[in-house]
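What follows is the residue order along each chain.
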Amino acid sequence: MRRSGTSRFGFCLLLFLCACFLPAQVDEVHKAEYRQELAQADRALQDRDYELAREHYERANVFAREHSVAALRGMAWANLRLEHPEKALENAQAALSLAANDTERGDLHNLTGAILFSEYVADKKQTSKLLVSEAEFRSAIQMNPALSGAYFNLGTALLKDRKDAEGVKMLQKYLELTPDAANTSQVRRLIGDPRLSRGELAPNFTLQDTQGHAISTESLHGRVVLLDFWATWCGPCIASLPEIRKLARQFPADQFVLIGVNEDEDVDAWRKFMAKEDMPWPQSRDQNWDLFHNFGLAPERKLVVPAYVVLNGDGIVLQKIRGLEDASSLAAQIEAALEAAPGRR
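Residues numbered from 1 in each chain as written. Predicted model: local features only at pLDDT ≥ 70, side-chain atom pairs only at ≥ 80, totals over all residues. Heavy atoms only, no water.

Caption draft 1: How the structure looks around the pairing of strand E6 (residues 256-262). Of all seven residues in E6, seven are buried, a share of seventy percent or more. Alternating residues of E6 divide into Phe256, Leu258, Gly260 and Asn262 and Val257, Ile259 and Val261, and every residue in both groups is buried. Strand direction decides the pairing type here: E6 and strand E7 (residues 283-285), joined by three bridges, are parallel. Bridged to Gly260 within E7 is Gln283. In this fold, E6 hands off to helix H12 (residues 267-276), which returns the chain to E7; that crossover is right-handed. (Buried < 20%, exposed > 50% of the residue type's maximum accessible area, 1.4 Å probe, protein only. Helix = DSSP H or I, 4+ residues; strand = E, 2+ residues; numbered from the N terminus. Pairing = 2+ DSSP bridges. Right-handed = clockwise from strand over helix to strand, strands pointing away.)

Caption draft 2: Highlighting the pattern of salt bridges. Counted by the stated rule, this structure contains 15 salt bridges. One salt bridge connects Asp107 with Arg73, and the closest N-O pair in it is separated by 2.9 Å. Taken together, the positions of Asp107 in helix H5 (residues 102-122) and Arg73 in helix H3 (residues 69-81) put the pair 34 residues apart, joining distant regions of the chain. Overall, Asp107 belongs to the buried group, its relative accessible area being 6%. Of the charged contacts, one joins Glu134 and Lys163 as a salt bridge, the two residues approaching to 3.1 Å between their closest N and O atoms. One end of the pair, Glu134, is in helix H6 (residues 127-143); the other, Lys163, is in the loop between helix H7 (148-160) and helix H8 (164-177), and 29 residues separate them in sequence. Overall, the relative accessible area of 3% leaves Glu134 in the buried class. When salt bridges that share partners are traced, they join Glu134, Asp161 and Lys163 into one network. (Salt bridge = Lys/Arg side-chain N within 4 Å of Asp/Glu carboxyl O.)

Okay, structure coming up:
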């Protein structure tokens, strides 16, 4: 079941809201409307309501006679998150043609690179997209050497392209510029083992189960993991419970862990359901659907459950499934991951 929408946006690149853009040339009579639309768009973007953000940016751009770098940049970002890369690229290129200084140009080259990289991630056969994204990230750094996110993005792209030595240098530069970054531990893992970048590395997360125990990316290391995203109002989620129970008992606990990740907004509904059902594996709640969206399972402010994510012992995403009523097919993926584990070879 879904609360509107699906997504394949599951890569991690760094883009930032940028206050550097010069004001658009707006008629005096429309300045108030332009600023209001832009402010509403920025708020919606920060709230991760990308459809609403796009609408406000489009209206702001109309007031600016289609010449607002800020509005076009915002439209590109919203379209990227909504998985419309062609529209996003068109917006970003239009903004770049209007950019007034190197700071703006650097930011827009970084955004253009992210759009191209997203197309490569969606279809690995499009290797040309990966190469062009690298060039865009390099241009971003050349235009604005202080743009830390561009170093992370270039490093990530280079590792994907198996250019490990240069990729590691870029990631090290990123940490030098942003030593307190939220993704520091993940970046250090990539620096220590660039091969992890060949797949999709799971985002760092920490959950708390119903017993008060912390469940983190680090604590799960070495075991195959199945994350079961579900909700009490989701019929297919409930229908899949028998198969999920089988999976919980089918594999050795020292090699495999099943984690229920509840997406209910009604905490009481979740607690009442847990009290009457046999679900002895770790159960946790996903506040604000953050983990669901960090895995790129749907555009922000959308929810599609049930959803399942299988991770190997290194935290690499092996499989993502959404809307599956029969969870029995997961057993084969889990078994294959266990067979591929270093101790089983």
